[in-house]
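Spelled out, the chains give:
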Amino acid sequence: MADIPDELIKLERSAEEERAKLAGLTDEEHTAQWRRWRDAAERFQAAVTAHAEATGQARYEVEMATKKVVRHAEEDPAE
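Residues numbered from 1 in each chain as written. Predicted model: local features only at pLDDT ≥ 70, side-chain atom pairs only at ≥ 80, totals over all residues. Heavy atoms only, no water.

Trainee: Would you take a moment to explain unusual backbone geometry for this structure?
Mentor: The phi angle at Asp-27 is positive, at roughly 50 degrees, despite the residue not being glycine. Its location among the elements puts Asp-27 in helix 2 (residues 27–55). (Helix = DSSP H or I, 4+ residues; strand = E, 2+ residues; numbered from the N terminus.)

Trainee: For this particular structure, what's the right way to read the pattern of salt bridges?
Mentor: Per the counting criterion, the structure on display carries 7 salt bridges. The salt bridge involving Arg-38 is made with Asp-39; its shortest N-O contact spans 3.6 Å. For Lys-67, the salt bridge is made with Glu-63, and the minimal N-O distance between the two is 3.2 Å. Taken as a pair, Lys-67 and Glu-63 lie in helix 3 (residues 59–74) at a separation of 4 residues, close to a single helical turn. Classification of Lys-67 as buried rests on a relative accessible area of 17%. The exposure class of Glu-63 is buried, given its relative accessible area of 10%. Among the charged side chains, a salt-bridge network with shared partners connects Glu-16, Arg-19 and Arg-71. (Salt bridge = Lys/Arg side-chain N within 4 Å of Asp/Glu carboxyl O. Buried < 20%, exposed > 50% of the residue type's maximum accessible area, 1.4 Å probe, protein only.)

In structure tokens, the structure reads:
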């Protein structure tokens, strides 16, 4: 797999940050935050699709590779 563009990594990080903010929210706050997460996730998904089409790569592979980069970067090696 080719290198993952920084823009895809930034978009996935943004979606994950918005998802994490859902914890502990209820009612209208939860609904509003869920929309922010959904919007961020949709931006990421659209960018993945565009990148996959532009490079001839499988969309699923681009998405999974990006998520792997983001999730491994967030792991604490000391744990």
